[in-house]
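As a plain string of letters, each chain reads:
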Amino acid sequence: MTDHITHDPIYDTVNRDDFPAMLEVDRYGTRTDAFDGIISATHDHFWDPMDAAYLDFSSPFDITKEYIMPPETIPELQSAVADKLDEGQKIKLANESTRWSLSAILHGEQGALSLSASLCHIMVDPGAQEYASNQTREEARHVTAFSRYINARWGRPYQVGEAFGELLQELVGAEEVYKKLVGMQMLVEGLAMGAFANIHAKTNDPLLKRLTQLVMTDEAFHHKFGKIWADKTIPKLSKEEQDRVEDWAAQCFETVLFNLINIRQKRVIYEQFGLDWEWVRDACREVFTDQDRRNTLKESTNIFRVLVKTLFKAGIITDRTRPIYSHWVDMEEMAGENEDMIGYAIADEGIELLKGLNRGRKVIGQK
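Residues numbered from 1 in each chain as written. Predicted model: local features only at pLDDT ≥ 70, side-chain atom pairs only at ≥ 80, totals over all residues. Heavy atoms only, no water.

**Q** Tell me about the overall build of the protein, and name the residues and values.
**A** Helix and strand content of the protein: 14 helices and 0 strands. Walking the protein from its N terminus toward its C terminus, one meets helices and strands in the order α-α-α-α-α-α-α-α-α-α-α-α-α-α. Computed over the C-alpha atoms, the radius of gyration of the protein is 21 Å, within 12% of the 21 Å expected from 2.2 N^0.38 for a compact globule of 367 residues. Taking the principal axes of its C-alpha atoms as reference, the protein extends roughly 70 × 55 × 40 Å. Every one of the 367 residues in the protein was classed for burial, and the buried ones make up 54%. Of the charged side chains in the protein, 42 are positive and 60 negative, and the gap between their average positions amounts to 4 Å. (Helix = DSSP H or I, 4+ residues; strand = E, 2+ residues; numbered from the N terminus. Rg over C-alpha atoms; globule rule 2.2 N^0.38 Å. Buried < 20%, exposed > 50% of the residue type's maximum accessible area, 1.4 Å probe, protein only. Lys, Arg positive; Asp, Glu negative; His and termini not counted. Charge placed at Lys NZ, Arg CZ, Asp CG, Glu CD.)

Encoded structure:
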């Protein structure tokens, strides 16, 4: 059987094809209470993307005249690319770039849906299974919500970028549970929390602002699930296991850092404006250096900073791999920060909003 690196019975697993193990009668009586806090909070952040009381996808927003995200957040518009475009084209390019980013989020949510469902097949503890099944339901509504938003604004999403698509396929298909939990529950979910916090803070579209807040009410708990694994597992790792987990995390980090917002992978956007993607890449490099990238990573809502903090506070970054991250982030400064993740406060506000909306309302499953 694959080495899952769990070190705690609540994360014990079996082969994904070993369904008879799920029928062992003694297994049913071994349920952990480690996830009860997360599970019991599920009703507090219930929302339905098909119900206009939560999200009204008919809300108007003219993407030909208004920026969904401010132009200063679009790297291409800070370069010579902007000199070749009139105002209408600048708005279109900016909004197509946002469409690209939201499409990546949509694909990431589908990856999280498939991965959390796969955990139900391998986790032995009934409590862990119940949590994973809850997350599967929540990821499904994220897929629906982002799909509906993209449809309302553009009609359809962009295809997944090659590098991100390969990473998602590797995470979902991985047999090692530590790759699923580190790669998706911590790294990709940490990335998502940063992305949602950034969008929520800056978007000009009230519908997108509401959407990201509602998603964050779920993601905050998904992120905590990975943290529980880290707290119960990282301190017990052998040197060889620690190195394996660290190397995997660093590999995933570099994959998303250099490929998630990659000019080459966004070339389908530039073709619409008659722009050569290599010229766009060079134009952006002239005004956006590695130092500029490091400066953006100082922002608390920067997606990659949130990602590094997630790994660092979980004990997955040690002196051995620290140089990989310290090239981009001031690790000494991060060491002095508390463990609160960006987006938790926004999620808490969203939960209070949902409690008010759900008070007295009939929701799915009620008669």
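Past the structure itself, the notes keep going.
**Q** An account of the packing of aromatic side chains is needed here, citing residue identities and associated values.
**A** Under the criterion given, the structure shown has 10 aromatic pairs. Summarising the aromatic geometry, the rings of Tyr11 and Phe225 are spaced 5.9 Å apart at their centres and angled 55° between planes, so their arrangement reads as tilted. On the criterion of sequence distance, the pair formed by Tyr11 in the segment before α1 (36-40) and Phe225 in helix α6 (residues 206-233) is long-range, its members being 214 residues apart. For Tyr11, a relative accessible area of 0% translates into the label buried. Take Phe225: its relative accessible area is 0%, and that puts it in the buried class. (Phe/Tyr/Trp six-rings, centres within 6.5 Å; stacked < 30°, edge-to-face > 60°.)

**Q** Quick rundown of the packing of helix α2 (residues 87-122) against helix α4 (residues 162-173)? Include the residues and the values.
**A** Their axes nearest at 9 Å, the elements α2 and α4 cross at an angle of 10°. Taken together, the axes of α2 and α4 are roughly parallel relative to one another. Between α2 and α4, the contacting residues are Ala104, His107, Gly108, Gly111, Ser114, Leu115 and Ser118 on the first element and Phe164, Leu168, Leu171 and Val172 on the second. Each residue belonging to the contact of α2 with α4 can be placed in one class, and the counts come to 6 nonpolar, 5 polar and no charged. (Axes fitted to C-alpha atoms, helices over the stretch in contact; angles between N-to-C directions. Parallel < 35°, antiparallel > 145°, perpendicular 65-115°, else oblique. Contact = heavy atoms within 4.5 Å. Nonpolar A, V, L, I, M, F, W, Y, C, P; charged D, E, K, R; others polar.)

**Q** Give a description of the environment of Ala94 that names residues and reports values.
**A** The residue Ala94 is located in helix α2 in this model. In this structure, the C-alpha to C-alpha distance between Ala94 and Gly360, residues 266 residues apart in sequence, is 41 Å. Leave out the neighbours within four places in its chain, and Ala94 touches Tyr67, Ile74 and Leu77.

**Q** Give a description of helix α5 (residues 177-202) that names residues and reports values.
**A** With 26 residues, α5 should cover 38 Å at 1.5 Å per step; its first-to-last C-alpha distance of 36 Å lies within 8% of that length. Maximum bend of α5: about 30°, positioned at Glu189. The buried fraction of α5 is high, at 24 of 26 residues. (Expected span 1.5 Å × (residues − 1). Bend = angle between axes of the 7 residues up to and from the residue.)

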